[in-house]
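# Coordinate inspection notes
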Amino acid sequence: MSEPHEETGSTRRMPVLDKDGGDPAEPRPVLDAGADPGGHGGGHARRFWSARRVPAGLVALLLLVVAGLFLYDVAAVRADRDAMAWRKELARQLAERPLDDTWVLAGAGVAAALGLWLLLLAVTPGLRALLPMRRTHDDVRAGLHRDAAATVLRDRAMEVAGVQSARVRMRRRRARVRAESHFRELDDVRTELDGALTDAVAGLGLARPPALSVRVRRPGRKG
């Protein structure tokens, strides 16, 4: 007779699959859309901030060129050379033109618009196409691209019986789904589609799940 083997710390019991290929015998945890998975406190999922390298690089390059030209001209004047013609003309125009001149107002408007644009870039996060996901740990952040989320919702919509085609327009706060059904009652398709897409949105794991707007119609006649 052989003695039964005792389970040691290096072995563990594997999940058993049903004969029909179903889910494992051990139930899998279901994550709620508003719950924090794993029971962790997690941090507040904020939007991702863009580095804005292109605007910053352009502004730095422009300031470098302008400052270099003025520095060179000032150094040339200090060395008993004539000032550049463009600086003489600029000084003359600024001295002679009144403040209500059209070109002065246009230049001031352009400068103000550029300044407001830079301020807007400085105080807004950017990266609107990246949706923040729920945080399970304070030091880990994850995001989901809007196109990827729209693809998931579209694939899930196409699995509903009666849906011939579907289009998804994903935004930060709302997901608009437009589907065409070639058979079944439209109300039945819409009800099933609402339930399927609600589960799909919850499964995305977004920090702020978008509101769903679902419309179902018959396909238009060809020709």
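A brief look at the structure comes next. Computed from a prediction, not measured in an experiment: that's the story for all the values here. (Residues numbered from 1 in each chain as written. Predicted model: local features only at pLDDT ≥ 70, side-chain atom pairs only at ≥ 80, totals over all residues. Heavy atoms only, no water.)

What follows covers the overall build of the protein. A count of helices and strands for the protein gives 5 helices and 5 strands. Ordered by position in the sequence, the α and β elements of the protein form the string α-α-α-β-β-α-β-β-α-β. When the 223 residues of the protein are sorted by exposure, 21% land in the buried category. Considering only intrachain contacts with a sequence separation of at least 6, the fraction spanning at least 24 residues in the protein is 60%. Here the protein displays about 17,100 Å² of accessible surface, and carbon together with sulfur accounts for 58% of that area. (Helix = DSSP H or I, 4+ residues; strand = E, 2+ residues; numbered from the N terminus. Buried < 20%, exposed > 50% of the residue type's maximum accessible area, 1.4 Å probe, protein only. Contact = heavy atoms within 4.5 Å. Areas by Shrake-Rupley, 256 points an atom, 1.4 Å probe, with all protein chains shown as cover.)

What follows covers the nonpolar core. Leu153, Val163, Met170, Leu193, Leu197 and Leu204 are the most contacted members of the largest nonpolar core, which has 24 residues in total. When contributions to this core are tallied by element, the ones reaching two or more residues are helix H4 (146-158), strand S3 (163-170), strand S4 (174-181), helix H5 (186-203) and strand S5 (211-217). The element that contributes the greatest number of residues to this core is H5, accounting for 6 residues. (Core = buried A, V, L, I, M, F, W, Y, C linked by side-chain atoms within 4.5 Å.)

A separate point is the sheet that holds S5. Pairing is mixed in the open sheet, where 3 strands are placed in the order S3-S4-S5. Here the strands that pair on one side only, and so sit at the sheet edges, are S3 and S5. Taken over all neighbouring pairs, the strand axes of this sheet differ in orientation by 15 degrees on average, direction set aside. Of the pairings in the sheet, the one linking S3 to S4 comprises 7 bridges and is antiparallel in character. Bridge pairing in S4 links Val168 to Val177. With respect to the sheet, H4 is in contact with S3 and S4, its orientation differing from that of S3 by roughly 160 degrees. (Pairing = 2+ DSSP bridges. Axes fitted to C-alpha atoms, helices over the stretch in contact; angles between N-to-C directions.)

This part takes up the side chain of Asp101. Among the structural elements, Asp101 can be located in the loop between helix H2 (85-96) and helix H3 (102-123). Within polar-contact distance, the side chain of Asp101 engages the backbone nitrogen of Trp103 at 3.0 Å. (Polar contact = N/O pair within 3.5 Å; in protein donor to acceptor, adjacent residues only side chain to side chain.)

The next point concerns the side chain of Asp73. Structurally, Asp73 can be placed in helix H1 (residues 53-78). If sequence neighbours within four positions are ignored, Asp73 has contacts with Ala83, Met84 and Arg87.

Moving on, we come to unusual backbone geometry. Positive phi, normally seen in glycine, also occurs at Asp80, with a value near 65 degrees. You can see Asp80 is positioned in the loop between H1 and H2. Judged by relative accessible area, which is 75%, Asp80 ranks as exposed. A positive phi is found at Arg184, a non-glycine position, where the angle reads about 75 degrees.

Between its first and last C-alpha atoms H1 spans 37 Å; for 26 residues at 1.5 Å apiece the expected length is 38 Å, and the two agree. Every buried residue of H1 is accounted for by Pro55, Asp73 and Ala76. Lining the buried residues of H1 we find H2 and H3. Just past H1, the residue Asp80 takes up positive phi, approximately 65 degrees. (Expected span 1.5 Å × (residues − 1).)

On to a positive patch on the surface. On the surface, a cluster of positive charge is made up of Arg128, Arg169, Arg171, Arg174, Arg176 and Arg215. When you line up the elements, Arg215 lands in strand S5. (Patch = residues over 30% accessible without salt bridge, like charges linked within 9 Å, V, L, I, M, F, W, Y side chains within 5 Å. Salt bridge = Lys/Arg side-chain N within 4 Å of Asp/Glu carboxyl O. Lys, Arg positive; Asp, Glu negative; His and termini not counted. Charge placed at Lys NZ, Arg CZ, Asp CG, Glu CD.)

Bringing the pattern of salt bridges into the picture now. Using the criterion set out here, one finds 9 salt bridges in the structure. For the salt bridge of Glu89 with Arg92, the shortest nitrogen-to-oxygen distance reads 2.5 Å. With Glu89 and Arg92 both in helix H2, this residue pair falls 3 residues apart, about one helical turn. In this structure Glu89 comes out as partly exposed when scored by relative accessible area, which is 36%. A residue is classified by how much of its surface remains accessible, and Arg92, at 36% relative accessible area, is partly exposed. Connected through salt bridges with shared partners, the residues Glu89, Arg92 and Glu96 form a single ionic network.

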